[in-house]
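# Residue-level structure breakdown
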Amino acid sequence: MNKNCFIRNSMIRITPTLLMTFLVAFPPDGHPTVLAQDVESAQITARSTPRKPTGNPPKAGQPIGLPAEQPADNAAIEKRKLELAARKASRTAAADAARAQEQALQLRSLADMIGGAIQDAFNPEPKVIRRAAPVPARIPQVNVVQRNANPQPAEIERRLGRLQAYSRVTQDWVASVCGLSDEQTAKLAANCRQNVEMSQNNWLQKPRRARSSLSFGDTFPINFTLQPGAADDIDLVRFSKPVTSLQSLLTVEQKEAFNAAVAERRQFQVDCMIDQIINIMDAELFLTMKQREHFQKTLPSRVKGLQGQSLSLSPYTDYYRQSSIASLMQSGDHLNVLTDIQQARAQEFSATDRNDVQNINQQHLRFRSSESAEQWQNRLKQGAAIQRDRVYLACAVRANYHRAADNLSDTQTRHLMVAARGVAEDIVRAWKKQTQKAFNAAAQRVAAGGQIRGDFLFLVRVVDLALIDQNSIWRHTLAKFTDRTGHAVRVRGEARRKADAATIVGFLDRELWLHPDQRSQLANLVWECVPENGVTFNQSTIHLVDVALILLPLSRMSQQDVSMLTPTQQDVWKTLKAHFHFTERTAQVLNLANGRSLSIEISR
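The present account deals with the structure reproduced in this document. Nothing here was measured: the structure is a model prediction, and the numbers come from that model. (Residues numbered from 1 in each chain as written. Predicted model: local features only at pLDDT ≥ 70, side-chain atom pairs only at ≥ 80, totals over all residues. Heavy atoms only, no water.)

### What to know about the pattern of salt bridges
The condition is simple: Just to be clear on terms, a salt bridge is a Lys or Arg side-chain nitrogen sitting within 4 Å of an Asp or Glu carboxyl oxygen. The numbering of helices and of strands both runs from the N terminus, where a helix is a DSSP run of H or I of at least 4 residues and a strand a run of E of at least 2. Only protein chains enter the accessibility calculation, which uses a 1.4 Å probe; a residue is then buried when its area is under 20% of its type maximum, exposed when over 50%, and partly exposed in between.
Scanning all chains against the criterion turns up 15 salt bridges. Between D218 and R159 there is a salt bridge whose closest N-O contact spans 2.8 Å. One end of the pair, D218, is in the loop between helix 5 (182–205) and strand 2 (237–238); the other, R159, is in helix 4 (residues 153–178), and 59 residues separate them in sequence. Overall, the relative accessible area of 4% leaves R159 in the buried class. A salt bridge links D426 to R429; the shortest N-O distance between them is 3.7 Å. Within this pair, D426 and its partner R429 are both found in helix 11 (residues 410–448), separated by three residues, close to a single helical turn. Exposure remark for D426: the relative accessible area of 28% places this residue in the partly exposed category.

Quick look at the structure:
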């Protein structure tokens, strides 16, 4: 059993993207009903009843982050009413907090029981670590309300600085490609300041609710430039044309230069997106170089609506919005280049029905505490059969690739497919054994914790297909028939590395508004940051692909390395790095909601 198949239980041991997810409905006993997907979100959801924010919204022209000025003629009676209302709200909030704390502690106790059982059974080393701050004995309700109802000054300042840096870099890009006069530059700067202020004021006036996930803020790298996203508020391009405020400033010749530069940048972004899509497909289908070249030509006409999106085969939105490319693998004459085995594997991916137990690409098997032991065993048996077929088909696409890349004979290919049966049995047997061990330990701990009432759901990860390439049966058989120089593996690895580097430069271009010569210089540096065979994602990081990619240059390139950037572009570079604390192997995400922490392993 691959130790990366399961996530080590952390302080709360449960989050939506970890091993287990709980939905606990407390019976009607005077307490609020809580449907929670993790311990801390249950605590905050229960105690954070939405309340109408006090004070007036910021007025136009007023400094961002400062409260609006109150009228000077407030009557004493009105002031007294406000004081009484505040005291009443405080008492109610304190009562809510006490009840929520009690429920959170109950959930945490249950999490400790089952999470501990899972850890004892699998004892993995995590790739992504999520922790929640411990629940204090007494929670100051005022602080909690302020944290969830209104952004804090540091958060306001960070967001404003992010918007301003991005706005300045887009202004410089327009001024450079259009040759703006000083007067035009001053008018454009004034319009951009107004857009930044409007975006910030609109954000401040939105209701601030407790977040039950680890979702990143709207100025977080990748998330910031998703379309639509926060960057759209201050962007100077809409539908490949200058926005109205910019269009009115430009001469006919300047508009032509602007449109040409935008078209070139748009094509570059499409090319980078195609590289990313091909790598996503290759991770499952093991594409030959001829197939990769075919998709480079045929995919651009089929990706309308995907530009500026975060792409995935199995979208997951707890961190940021993702769009599925599964439909690109389902039908179309561009798929004629795939073999029958690759097409069979491609058909197993679905953009919609991700919860069906028969869906081969689902990430978890689902179990409920209310089910009997016999039901658990039947579900596990059914899941094992699905996983066995899943592993076998994944072996088949690998054999298919080596047949083409290493010129294997029919007999040699059949030997690989016979070995694939043994690999599937070997991997699934270990997975089933460890899962059963976790079941037994979990059942014992749940029985010992009988004070917890209600039904809950927990999830068990499916087999990690990366185990195939580590399996001794597979590696031994492959070594007998393939080129011992590793030519096929090296060719595929180089292609993946090149595509990863292009994808990363595309992400950086969204933020930095690079000129063509800057992209070329940056591409060489980014190439050196990418692992030799491209970036490999495990089950724990698969939903953070874009962030994991952009972490490579941010963690390994210094300010001196990016000397080709302009001062305004370097300011944006600094704002990107400021979201993380880097160590040699990990990047700690800073300033997550509700005091959470998230550590992402940096690929090597």
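### Notes on the nonpolar core
Going by this rule: Throughout this description, the term nonpolar core refers to a set of buried Ala, Val, Leu, Ile, Met, Phe, Trp, Tyr and Cys residues connected via side-chain atoms within 4.5 Å.
If you look at the biggest cluster of nonpolar residues, it comprises 69 residues, and the most contacted ones within it are V174, F216, F258, L508, V526 and V547. Ranked by residues supplied to this core, first place goes to helix 4 with eight residues. By size, the runner-up hydrophobic cluster in this structure holds 32 residues, among which are A384, W431, V460 and L478.

### Concerning the pairing of strand 9 (residues 586–589)
The test is simple: Any two strands are treated as partners once DSSP identifies two or more bridges connecting them.
Here strand 9 shows a buried face lined by A587 and V589 and an unburied face lined by T586 and Q588. As defined by bridge partners, strand 8 (residues 580–582) adjoins strand 9 across three bridges and the pair is classed as antiparallel. Among the inter-strand pairings, H581 is bridged to a residue of strand 9, identified as Q588. Counting the residues that bridge the hairpin from strand 8 to strand 9 gives three residues. Sheet topology places strand 9 next to strand 10 (residues 597–601); four bridges connect them, and they run antiparallel. For A587, the partnering residue across the bridge sits in strand 10 and is I600.

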